[in-house]
Structures are given as C-alpha cells and as structure tokens.
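# Per-entry structural report
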Amino acid sequence: MLATERLASPLTPTGAGETARGMRGWSLSAFFGTPLGMAVCFTGAGVAGLGYAFLTRRDPLALLPGLDGTLVCGVLALLMLMAAGRTYREAVTALVPIAAVQVAVCTLSRTSLPALLGLEALVVGLVGLALSACANRAAQQRLIA
C-alpha cells in the first residue's frame, strides 16, 4: 500500500482517514463523539465520582428514598429510550433533566452528590459499553457472512 492511500477509520467520521505511516487523521474529539467514546467517558467519570465519594464521606451511598427513586428513574429512562429506538446520544441527552433534579435534591438534603452522579454515570457508561460491544459483534457477523 502506498503512503498516500487512505484507510477508512471509524474514529474519523469526517473521512480524513489515516495514512499507512501513521494516524494523521485521528483525533480525540472524533473518538469522544462516538457512542463508544461517550461510554468510556461516562464510565471513567462514574468510577472517579464514586472513588471520590468513598474517600471523602463516611457513608456515601446512604441516600434518601427519593434519591434512590431518581437513580432508578434515570436508568429506566435510558433503557426505555434505547428500547424505543433512540440513539445512545439522544438517550443520554434526555437524562439531563433527571440529573438536574438529582443535583437539586442532593444540594437540599446534603447527601453525597458525587456518589449519586457517579453511580448514575457508571451505569450509563456500562450500558453504552455493552451496546457498543453488541454493535461491533453484529458488524463483524455481517462481514463474515
């Protein structure tokens, strides 16, 4: 292959591609704009939030019943939107009002905000990673068949 020939890359949606000598067209913004990149970010943020909460609070997961309800509401909303055929980005965007309610209630009740948002981000990220793995597996099956 010549150095000037370009390869198609899923990380560069603009079609810049990568050359045979290196990854010239690859960028972090292109990766984090994909569902896999978003899932990695959410998982990392969730782990960081939970780690911070466990280091700074004595009992970070002692949540009020209403906060537990908002956590369940966020996870169920994500799953229902994904089952309804929405994209991962649209489903995550729909969780913003739920996260705003969680922030308000945590602020008023003086409970651990990093633990709650970290737990929600971890679940959202793990769901996104599972969806990316399923999508990649389906794409590989189409190539084999």
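So, here's what we can say about the structure. Since the structure is predicted, the reported quantities are computational estimates derived from the model, not experimental observations.

## Side note on the packing of helix 3 (residues 65–83) against helix 5 (residues 96–109)
- Relative to each other, helix 3 and helix 5 sit at 170°, their axes nearing to 10 Å. With respect to their mutual orientation, helix 3 and helix 5 come out roughly antiparallel. For the element pair helix 3 and helix 5, the recorded crossing hand is left-handed. Facing helix 3, whose interface residues are Leu-67, Thr-70, Leu-71, Cys-73, Gly-74 and Ala-77, helix 5 presents Ile-98, Val-101, Gln-102, Val-105, Cys-106 and Ser-109.
- In terms of residue class, the contact of helix 3 with helix 5 is built from eight nonpolar, four polar and no charged.

## Examining the nonpolar core
- The biggest cluster of nonpolar side chains holds ten residues, and these are Met-38, Ala-39, Leu-78, Tyr-88, Ala-91, Val-92, Leu-95, Ile-98, Val-124 and Val-127.
- Here this core takes three residues from helix 4 (residues 88–93), the largest share from any one element.
- Those residues in contact with Ala-91 that sit more than four places away from it in its chain are Leu-78, Leu-81 and Met-82.
- In terms of nonpolar packing, the next biggest core, distinct from the first, is built from five residues, Leu-63, Leu-71, Cys-106 and Leu-116 among them.

Conventions adopted
- Residues numbered from 1 in each chain as written.
- Predicted model: local features only at pLDDT ≥ 70, side-chain atom pairs only at ≥ 80, totals over all residues.
- Heavy atoms only, no water.
- Axes fitted to C-alpha atoms, helices over the stretch in contact; angles between N-to-C directions.
- Helix = DSSP H or I, 4+ residues; strand = E, 2+ residues; numbered from the N terminus.
- Parallel < 35°, antiparallel > 145°, perpendicular 65-115°, else oblique.
- Left-handed = near helix turned anticlockwise from the far one by under 90°.
- Contact = heavy atoms within 4.5 Å.
- Nonpolar A, V, L, I, M, F, W, Y, C, P; charged D, E, K, R; others polar.
- Core = buried A, V, L, I, M, F, W, Y, C linked by side-chain atoms within 4.5 Å.
- Buried < 20%, exposed > 50% of the residue type's maximum accessible area, 1.4 Å probe, protein only.

So far we have only geometry, and geometry alone does not tell us how the molecule works.
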